[in-house]
Amino acid sequence: AGVGIGLDVARKRGMYTYGIEPSEQQCSALRFRGHTMLCGTLDDVGSYDEVNGFSGFDVVMAYETLEHSPEPEAFLLRCHELMNPGGILVVCVPNDYNKLQLQACKELGLPHYWLAPPMHLFYFTPKMLQLLVRRTGYDILDMRGTFPMERFLLEDKNYVGNDKIGRECHAMRVQEELFVWQSGLWQAREQQYRRNLSEQRLGREIICIARKT
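Below: a short report on this structure. Here the residue index of a chain counts from 1 through its sequence in written order. In keeping with the predicted nature of the model, local features appear solely for residues at pLDDT of at least 70, side-chain atom pairs appear and are counted solely at 80 or more, and the whole-chain, interface and lining totals rest on all residues. Hydrogens and water are ignored here; the side-chain numbers use all heavy atoms of the structure.

**Structural notes on the overall build of the protein chain**
Part 1: By the criteria applied, helices consist of DSSP H or I runs no shorter than four residues and strands consist of E runs no shorter than two, each listed in order from the N terminus. Tallying secondary structure elements over the protein chain gives 7 helices and 6 strands in all.
Part 2: The order of helices and strands in the protein chain, counted from the N terminus, is α-β-α-β-β-α-β-α-α-β-α-α-β.
Part 3: Relative to the 2.2 N^0.38 estimate, which gives 17 Å for 213 residues, the radius of gyration of the protein chain is 18 Å and therefore close to what a compact globule would have.
Part 4: The principal-axis extent of the C-alpha atoms belonging to the protein chain is close to 55 × 40 × 35 Å. Only the C-alpha atoms count toward the radius of gyration. The rule for a globule is 2.2 Å times the residue count to the power 0.38.

**Points about unusual backbone geometry**
Part 1: In the segment running from P117 into P118, the intervening peptide bond is cis, with an omega of 5°.
Part 2: Position of P118 relative to the elements: it lies in the loop between α4 (99–108) and α5 (126–135).
Part 3: At Y97, a residue that is not glycine, the phi angle is positive and equals roughly 65°.
Part 4: Tracing the backbone shows Y97 in the loop between β4 (83–94) and α4.
Part 5: Its identity is not glycine, yet R201 carries a phi of approximately 55°, on the positive side.

**Some details on the nonpolar core**
Part 1: Core analysis: the largest hydrophobic core is formed by 26 residues, its most contacted members being L66, L76, L89, L129, V133 and Y138.
Part 2: Elements that contribute at least two residues to this core include exactly β3 (57–63), α3 (72–82), β4, α5, β5 (138–145) and β6 (205–212).
Part 3: We call two residues in contact whenever any of their non-hydrogen atoms come within 4.5 Å of each other. With residues near it in sequence (within four places) discarded, Y138 still touches L76, C79, H80, M83, L89, V133, A210, R211, K212 and T213.
Part 4: Residues grouped as a nonpolar core are buried Ala, Val, Leu, Ile, Met, Phe, Trp, Tyr and Cys residues, joined through side-chain atoms within 4.5 Å. Only protein chains enter the calculation, and the probe is 1.4 Å; a residue is then buried if its accessible area is under 20% of its type maximum, exposed if over 50%, and partly exposed in between. Within the second largest apolar cluster, 8 residues are counted, among which are F147, M149, Y159 and C169.

**With respect to the packing of α3 against α5**
Part 1: Axis definition: a line fitted to C-alpha atoms, limited for helices to the stretch in contact. Angles are taken between N-to-C directions and run from 0 to 180 degrees. Two numbers describe how α3 lies on α5: the axes approach to 9 Å, and their chain directions differ by 45°. Looking at the two axes, α3 sits oblique to α5. For the pair α3 and α5, the crossing hand works out as right-handed. In this structure, α3 contributes P72, E73 and L76 to the contact, and α5 contributes L132, V133 and R135.
Part 2: Amino acids outside the nonpolar list (Ala, Val, Leu, Ile, Met, Phe, Trp, Tyr, Cys, Pro) and the charged list (Asp, Glu, Lys, Arg) are all regarded as polar, and Gly is one of them. A class-by-class count of the residues in the contact of α3 with α5 yields 4 nonpolar, no polar and 2 charged. Geometric relationships in this document are graded by angle, where less than 35 degrees denotes roughly parallel, more than 145 denotes roughly antiparallel, 65 to 115 denotes roughly perpendicular, and other angles denote oblique. Crossing handedness is read from the near helix: turned anticlockwise from the far helix by less than a right angle, it gives a left-handed crossing, and turned clockwise, a right-handed one.

**Brief notes about the sheet that holds β3**
Part 1: With mixed pairing, 4 strands are arranged side by side in an open sheet as β3-β4-β6-β5. Strands with a single pairing partner mark the edges of an open sheet, and in this sheet they are β3 and β5. Taking the axes of each pair of neighbouring strands and ignoring which way they run, one obtains an average angle of 15° across the sheet.
Part 2: Taken together, the 6 bridges between β3 and β4 define a ladder with parallel strand orientation. If you follow V59 over to β4, its bridge partner there is I88.
Part 3: Relative to β4, α3 is tilted by about 150°, and along the sheet it contacts β3, β4, β5 and β6.
Part 4: Across the sheet, helix α7 (residues 186–200) is in contact with β5 and β6; its angle to β5 comes to roughly 100°. Here, a strand pair is defined by DSSP locating no fewer than two bridges between the strands.

**Quick word on the packing of aromatic side chains**
Part 1: Ring pairs are drawn from Phe, Tyr and Trp, using the six-membered ring of Trp, whenever the two centres fall within 6.5 Å, and their geometry is named by plane angle: stacked under 30 degrees, edge-to-face over 60, tilted for the rest. Within this structure, the stated rule accounts for 8 aromatic pairs.
Part 2: Their ring planes at 85° and their centres at 6.3 Å tell us that Y97 and Y123 sit as a pair that is edge-to-face. Residue Y97 is found in the loop between β4 and α4, and its partner Y123 is found in the loop between α4 and α5; the two are separated by 26 residues along the sequence.
Part 3: When its relative accessible area of 34% is taken as the criterion, Y97 is described as partly exposed.
Part 4: Accessibility expressed as a relative area gives 22% for Y123, which makes it partly exposed.
Part 5: Plain terms: the ring middles of Y113 and W114 are 5.0 Å apart, the flat faces sit at 80° to each other, and that makes the pair edge-to-face.
Part 6: Note on W114: relative accessible area 5%, which makes it buried.
Part 7: Pairwise contacts between aromatic rings join Y97, Y113, W114 and Y123 into one cluster.
Part 8: Over the aromatic face of F152 sits the side chain of R151, whose NZ or CZ is 5.5 Å from the ring centroid. Only when the NZ of Lys or the CZ of Arg is both within 6 Å of the ring centre and within 35 degrees of the ring normal is a charge said to sit over the ring.

Structure follows, in structure tokens:
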């Protein structure tokens with residue numbers, strides 16, 4: 001569940017929310033905000049009856065989670081078991097080894113800074129994620145990238161290992177995307193992110209939206 005932004009948005013839209021988070025402190029904070037929480041991992045989720053009598057979930061979001069799992073295929077199959085027919089799966093993973101990352105490493109003499117074992121166990125390409133999602137029982141509805149953060153590296157803003165510059169770059173990214181949203185141009189921006197991913201494999205993350213078959 002992380003800091004719970006996805007849960008907050010879902011709850012504001014009238015959904016019943018159930019979060020899974022290994023941090024007890026974060027679980028307590030999210031319970032205070034009205035969410036049902038399980039302190040643990042997906043392996044700790046029991047049967048439907050043990051999840052407040054649910055017959056199944058309509059939406060499952062795994063945001064920057066799959067790369068931490070030692071068994072991504074088993075993870076998605078377990079999600080499939082817990083979902084209602086036609087349920088929606090949203091998966092977001094880092095888009096590592098993309099062209100901008102590799103170019104920045106070449107120009108700035110950086111190592112492959114995104115390698116982070118034992119925290120990140122898997123590194124996905126769009127095709128690899130697409131095949132995995134399909135193989136575990138879902139139809140792909142949408143694939144797109146996100147803001148290409150690595151462009152800052154090529155603009156003399158080297159945030160690798162520098163939290164101060166990293167926060168500044170993140171703030172610029174947020175400011176730009178909020179401006180696009182407020183200008184009513186977000187659909188065009190999403191289309192751009194789809195093209196970036198499909199044509200050049202660009203974007204800091206890969207977002208896959210799929211439906212349980």
